[in-house]
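Structural features, examined
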Amino acid sequence: MKRKICSVTGALTAVFFMLPGFCVAAETAQTGDPLPHPDTAALRQTVTGLVGFGTRHTLSTTTDPHRGIGAARRWVAEKMTALGTQCGGCLNVETVGDRFTGPRAPEGVQVEDVIAIQKGDTDPDRVVIVQAHIDTRVNDVMDATTDAPGANDDASGVALVLEAARLLSRQHFPATIVYAALSGEEQGLWGGELLARTATARGWKVAAVLNNDIVGNTHGIGGEHVDNAVRVFSEGIRMAADTAGISQQRAIGAEDDSPSRALAREVVLQSRLNPGLGLKVESIRRPDRFMRGGDHIPFLNAGFPAIRFTEATENYDRQHQLVRVENGHRYGDTIEFVDFPYLAKVTALNIAVIRDIATAPAPPDTATISGALKDDTHVSWTAVPGAAGYRVRWRAADTSAWKDSRDVPAQTTALDLTHLNVDDHFFGVSSLSANGAESLVTFAGMPPRPLPGHTH
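Residues numbered from 1 in each chain as written. Predicted model: local features only at pLDDT ≥ 70, side-chain atom pairs only at ≥ 80, totals over all residues. Heavy atoms only, no water.

Notes on the overall build of the protein chain
Broken down by element type, the protein chain carries 9 helices and 20 strands. For 456 residues, the compact-globule formula gives about 23 Å, and the C-alpha radius of gyration of the protein chain, at 23 Å, lands near that figure. Each of the three principal axes of the protein chain carries a C-alpha extent, and together these read 70 × 50 × 45 Å. In the structure as shown, the protein chain presents an accessible area of about 19,000 Å², 52% of it carried by carbon and sulfur atoms. Looking at charge distribution, the protein chain has the averaged site of its 43 positive side-chain charges lying 3 Å from that of its 53 negative ones. (Helix = DSSP H or I, 4+ residues; strand = E, 2+ residues; numbered from the N terminus. Rg over C-alpha atoms; globule rule 2.2 N^0.38 Å. Areas by Shrake-Rupley, 256 points an atom, 1.4 Å probe, with all protein chains shown as cover. Lys, Arg positive; Asp, Glu negative; His and termini not counted. Charge placed at Lys NZ, Arg CZ, Asp CG, Glu CD.)

A short note on the state of the cysteines
Tallying each qualifying case throughout the model produces 1 disulfide. One disulfide in the model links Cys87 with Cys90; its S-S distance is 1.9 Å. Between Cys87 and Cys90, the disulfide has an S-S torsion of -90° and is therefore left-handed. For Cys90, a relative accessible area of 23% gives the class partly exposed. (Disulfide = S-S within 2.5 Å. Buried < 20%, exposed > 50% of the residue type's maximum accessible area, 1.4 Å probe, protein only.)

Focus: the side chain of Gln118
Inspection of the secondary structure puts Gln118 in strand β5 (residues 105-118). Of note is the side chain of Gln118, whose polar atom sits 2.6 Å from the side chain of Tyr179. With near-sequence residues (within four places) excluded, Gln118 lies in contact with Cys90, Leu91, Leu168, Ser169, Gln171, Phe173, Ala175, Thr176, Ile177 and Tyr179. (Polar contact = N/O pair within 3.5 Å; in protein donor to acceptor, adjacent residues only side chain to side chain. Contact = heavy atoms within 4.5 Å.)

Here we look at the packing of aromatic side chains
Under the criterion given, the structure shown has 5 aromatic pairs. One cation-aromatic arrangement involves Arg318 over Phe337; the distance from NZ or CZ to the ring centre is 3.6 Å. (Phe/Tyr/Trp six-rings, centres within 6.5 Å; stacked < 30°, edge-to-face > 60°. Lys NZ or Arg CZ within 6 Å of the ring centre and 35° of its normal.)

Observations concerning helix α9 (residues 340-359)
Compared with an ideal rise of 1.5 Å per residue, which puts 20 residues at 28 Å, α9 spans 28 Å between its outermost C-alpha atoms and is within 8% of the ideal. Within α9, 18 of the 20 residues are buried, which leaves the element mostly enclosed by the surrounding structure. Residue Asp339 occupies the N-cap position of α9, its side-chain oxygen lying 3.1 Å from the main-chain nitrogen of Tyr342. (Expected span 1.5 Å × (residues − 1).)

With respect to the sheet that holds strand β8 (residues 205-212)
Strands sit in the order β4-β5-β7-β6-β8-β11-β9-β10 across an open sheet of 8 strands; the sheet is mixed. The open sheet is flanked by β4 (91-102) and β10 (280-284), the only strands paired with a single partner. Strand-to-strand twist across the sheet, computed as the mean angle between neighbouring axes with direction ignored, equals 25°. Here β4 runs beside β5; their pairing, made up of 11 bridges, is antiparallel. The residue of β5 that forms the bridge with Val96 is Asp113. Contacts from helix α3 (residues 151-168) reach β5, β6 (123-133), β7 (175-182), β8 and β11 (306-311) within the one sheet, and its direction differs from that of β6 by about 145°. Where helix α5 (residues 190-201) meets the sheet, its contacts fall on β4, β5, β6, β7 and β8, and the angle it forms with β4 comes to roughly 120°. (Pairing = 2+ DSSP bridges. Axes fitted to C-alpha atoms, helices over the stretch in contact; angles between N-to-C directions.)

Let's talk about the pattern of salt bridges
Per the counting criterion, the structure on display carries 23 salt bridges. The closest approach of N and O atoms between Asp147 and Arg67, which form a salt bridge, is 2.7 Å. Linking Asp147 in the loop between β6 and α3 with Arg67 in the loop between α1 (40-51) and α2 (69-86), this pair joins segments that are 80 residues apart in sequence. The partner of Asp256 in a salt bridge is Arg285, with the nearest N and O atoms 3.1 Å apart. Taken together, the residues Asp256 in the loop between α6 (243-251) and α7 (259-273) and Arg285 in the loop between β10 and α8 (297-301) connect sequence positions 29 residues apart. (Salt bridge = Lys/Arg side-chain N within 4 Å of Asp/Glu carboxyl O.)

As for the pairing of strand β19 (residues 425-432)
Side-chain direction in a regular strand flips from residue to residue, so the side chains alternate between the two faces of the sheet. Of all 8 residues that make up β19, 8 are buried, and the element is covered over most of its length. In this structure, strand β16 (residues 389-396) lies alongside β19, joined through 8 bridges in antiparallel fashion. Note on β19: the bridge partner recorded for Arg393 is Gly428. As paired strands, β19 and strand β20 (residues 442-444) are joined by 3 bridges and run antiparallel to one another. What sits directly across from Phe427, in β20, is Ala444.

Following this line, the structure appears as structure tokens:
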């Protein structure tokens, strides 16, 4: 194959491979500045500070200046405010709260999320959220007084969020970025529910939710050591879909192409575009670990694209455990078990994803295909304001990763692909910015309708 440069629009150029009849885009990173390097010392400082509050249990004290969930939340808010000062007021820091009652808080508890909002320059209603939960627990989920350091679960995630804010607040993006430290995860995913409700009430067009929960350990309970991979969990069949929506998703073969699955593919792409991270993405095709959950679940229930980052190998002796030694074996989620160079890798990968999505235009709202009983496929999609072009992607129907693509200019909203059988391929469409940043892929499909005289 020959490599050539194809001009898509006056401002948009990309590297392509020449195939007979059209150009197929290669993977190229064109989002501007080099990927910033997270500071392991800053990550350690945040984890150390959070561990120092003793317990951060959701039902713990909110008035003690040095201990408990209240002091920890105020400390994170101060850190966010300081970062906002450093960038000239680019972060709007606030605390949102509501009262929740449930089996793990039968008398009710005030749950509060600390958020920092970096408003987008040209598309501020489109929002990317990066989040982690600040609360902790030990074996007894109702024990709100015993030390529960939660160094990895989930001070590691909060450290990632703060470091992402420190680095990304130095730049400007079309879309808004929200950095969030959530409460109430261990009692009922209440912080995630609270922020999802907040997003809905404020009319945020949530483009992506990156939930980071347990992202700093590299030594598994079975003795394995894995510091070059991270798991990303995403839903297939949409939690927010009604019966008709589920039927449609199945009918068009889109079980592996929900918006959250498209977001997971973006993470895989960024890991490939940034090989220097040395971090492989294991894309797990379920919403979370088996029979477990996290703060991205309420966003899925609300219909927003959301995924979970978790280390590749977990050590359950260091999760939800009293700090102790039994028969020479150590239990407890303490700071010496956090691998900060590894946490820096996961942080950098989050930053790459956030930056790309916040730079790119929104994806097309819808994309459709036609071509039954033909050897060609017609793809069409809705126009996206501000898009500099579009990328039509396709892959063989027995594969899960997009393989081929064709770029078209901004004024084009339909494309005929010759000798690509609609039965044997899946199709999708993304939007492109002037500098090459690509949106998430909108899966192209439509409910099957019998053609006249062809009912099967």
